[in-house]
Amino acid sequence: MLPFKTTWLRVVASLCISAAMLARSVSAQTTIVGLDAMAKDHYAFATAVSNGGSAVAGSTGVYSEKAWRWTSSGSTEDLGHVYDPSANFFGATAYGISADGSVVSGTTCSAVEIATQCYAFRWTASGGMQVLEYGFGWGISGDGALVVGFSGNSQFPGVGACLWASDGTPNLIGSPSMQAVACSHDGGVVVMHSPGLQ
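The model shown is predicted, which means the values in this text are computed figures rather than measured ones.

**Focus on the overall build of the protein**
Phase 1: Looking only at helices and strands, the protein features zero helices and 16 strands.
Phase 2: Here the contacts in the protein between residues at least 6 apart in sequence split such that 38% fall between residues at least 24 apart.

**Side note on the packing of aromatic side chains**
Phase 1: Within the structure shown, the criterion is met by five aromatic pairs.
Phase 2: Aromatic pair Tyr119 and Tyr134: ring centres 6.2 Å apart, planes at 85°, arrangement edge-to-face. Placement of the pair is Tyr119 in strand β10 (residues 115-124) and Tyr134 in strand β11 (residues 128-140), with a sequence separation of 15 residues.
Phase 3: Classification of Tyr134 as partly exposed rests on a relative accessible area of 36%.
Phase 4: Pairwise contacts between aromatic rings join Tyr95, Phe136, Trp138 and Phe150 into one cluster.

**Some points on the state of the cysteines**
Phase 1: Using the criterion set out here, one finds one disulfide in the structure.
Phase 2: Across the disulfide, Cys109 is cross-linked to Cys118 (sulfur-sulfur distance 2.0 Å). On the S-S bond that ties Cys109 to Cys118, the torsion sits near 110°, and the link is right-handed. For the pair Cys109 and Cys118, one class covers both residues: buried.

**Observations concerning the sheet that holds strand β5 (residues 55-60)**
Phase 1: Overall, antiparallel pairing links the four strands, which are arranged β4-β5-β6-β7 in an open sheet. Since the sheet does not close on itself, it has two edges, and those belong to β4 (44-49) and β7 (76-78), each with one partner. Averaged over all pairs of adjacent strands, the angle between strand axes in this sheet comes to 30°, irrespective of strand direction.
Phase 2: In terms of strand pairing, β5 meets strand β6 (residues 66-71) through six bridges, oriented antiparallel. Within β6, the position partnered with Thr60 by the bridge is Lys66.

**Considering the pattern of salt bridges**
Phase 1: Taken as a whole, this structure holds one salt bridge when the rule is applied.
Phase 2: In this structure, Arg69 engages Glu77 in a salt bridge whose closest nitrogen and oxygen atoms are separated by 3.5 Å.
Phase 3: Taking the relative accessible area as the measure of exposure, Glu77 reaches 32% and is therefore partly exposed.

**Quick look at the nonpolar core**
Phase 1: Ranked by size, the top nonpolar core spans 11 residues in total: Ala48, Ala55, Ala57, Ala67, Leu79, Ala92, Ala94, Ile97, Val104, Phe121 and Trp123.
Phase 2: At the level of secondary structure, the elements contributing two or more residues to this core comprise β5, β8 (89-97) and β10.
Phase 3: Looking at this core, the element that brings in the most residues is β8, giving three residues.
Phase 4: Ignoring any residue separated from it by four or fewer positions in sequence, one finds Ala92 in contact with Ser59, Glu65, Lys66, Ala67, Gly80, His81, Thr107, Thr108, Phe121 and Met129.
Phase 5: In this structure, Ala120, Ile140, Val147 and Cys162 belong to the second largest nonpolar core, which totals seven residues.

**Looking at the side chain of Ser98**
Phase 1: Among the secondary structure elements, Ser98 is positioned in the loop between β8 and β9 (103-112).
Phase 2: Within polar-contact distance, the side chain of Ser98 engages the side chain of Asp100 at 2.9 Å.
Phase 3: A distance of 3.3 Å separates the side chain of Ser98 from the backbone nitrogen of Ser102, its partner in a polar contact.
Phase 4: Other than its neighbours up to four places away in sequence, Ser98 contacts Ser50, Asn51, Val103, Ile140, Ser141, Gly142, Asp143 and Gly144.

Reading guide: rules and limits
- Residues numbered from 1 in each chain as written.
- Predicted model: local features only at pLDDT ≥ 70, side-chain atom pairs only at ≥ 80, totals over all residues.
- Heavy atoms only, no water.
- Helix = DSSP H or I, 4+ residues; strand = E, 2+ residues; numbered from the N terminus.
- Contact = heavy atoms within 4.5 Å.
- Phe/Tyr/Trp six-rings, centres within 6.5 Å; stacked < 30°, edge-to-face > 60°.
- Buried < 20%, exposed > 50% of the residue type's maximum accessible area, 1.4 Å probe, protein only.
- Disulfide = S-S within 2.5 Å.
- Pairing = 2+ DSSP bridges.
- Axes fitted to C-alpha atoms, helices over the stretch in contact; angles between N-to-C directions.
- Salt bridge = Lys/Arg side-chain N within 4 Å of Asp/Glu carboxyl O.
- Core = buried A, V, L, I, M, F, W, Y, C linked by side-chain atoms within 4.5 Å.
- Polar contact = N/O pair within 3.5 Å; in protein donor to acceptor, adjacent residues only side chain to side chain.

If you want it as structure tokens, here you go:
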């Protein structure tokens with residue numbers, strides 16, 4: 001028997017050519033719920049689920065991705081993106097969601113011809129998208145206060161694992177070649193990898 005405190009087990013599934021789905025398991029019965037994840041584009045995929053399963057984050061689109069948050073009320077919300085009027089491409093991808101589903105982390109990018117600029121972001125239900133800085137946002141702590149990823153800017157030359165506080169303050173962690181990809185619920189433990197290590 002699995003050590004869950006409730007009889008509901010919710011699992012996020014990613015489907016490449018159709019819509020993102022939420023699977024619900026009650027005892028031996030499983031039902032699949034379509035998330036209506038703005039799937040008028042070519043595909044949608046879910047990347048994170050809140051602690052109770054009441055909110056899911058993901059992305060949709062082939063060439064210009066949209067980050068979204070779905071809630072159990074049935075609504076799906078476009079999280080926005082960084083805007084550059086000269087860009088011929090812009091989009092956003094959601095990668096993490098807080099325990100209560102109110103905060104989402106991810107990456108938003110824009111491109112002018114072949115030069116692409118990507119930024120980590122934190123999105124909140126109350127304040128919308130907060131662009132953190134040049135880099136990528138991957139994981140998020142359970143309370144949504146910390147976003148982890150990797151950054152490269154004038155303060156931190158090159159690329160390095162980074163942890164952003166709730167006010168957007170960056171903190172470089174690990175060696176410059178490392179990338180932070182996830183953190184524990186309280187943000188006290190950060191998982192990193194270094195692409196150069198064999």
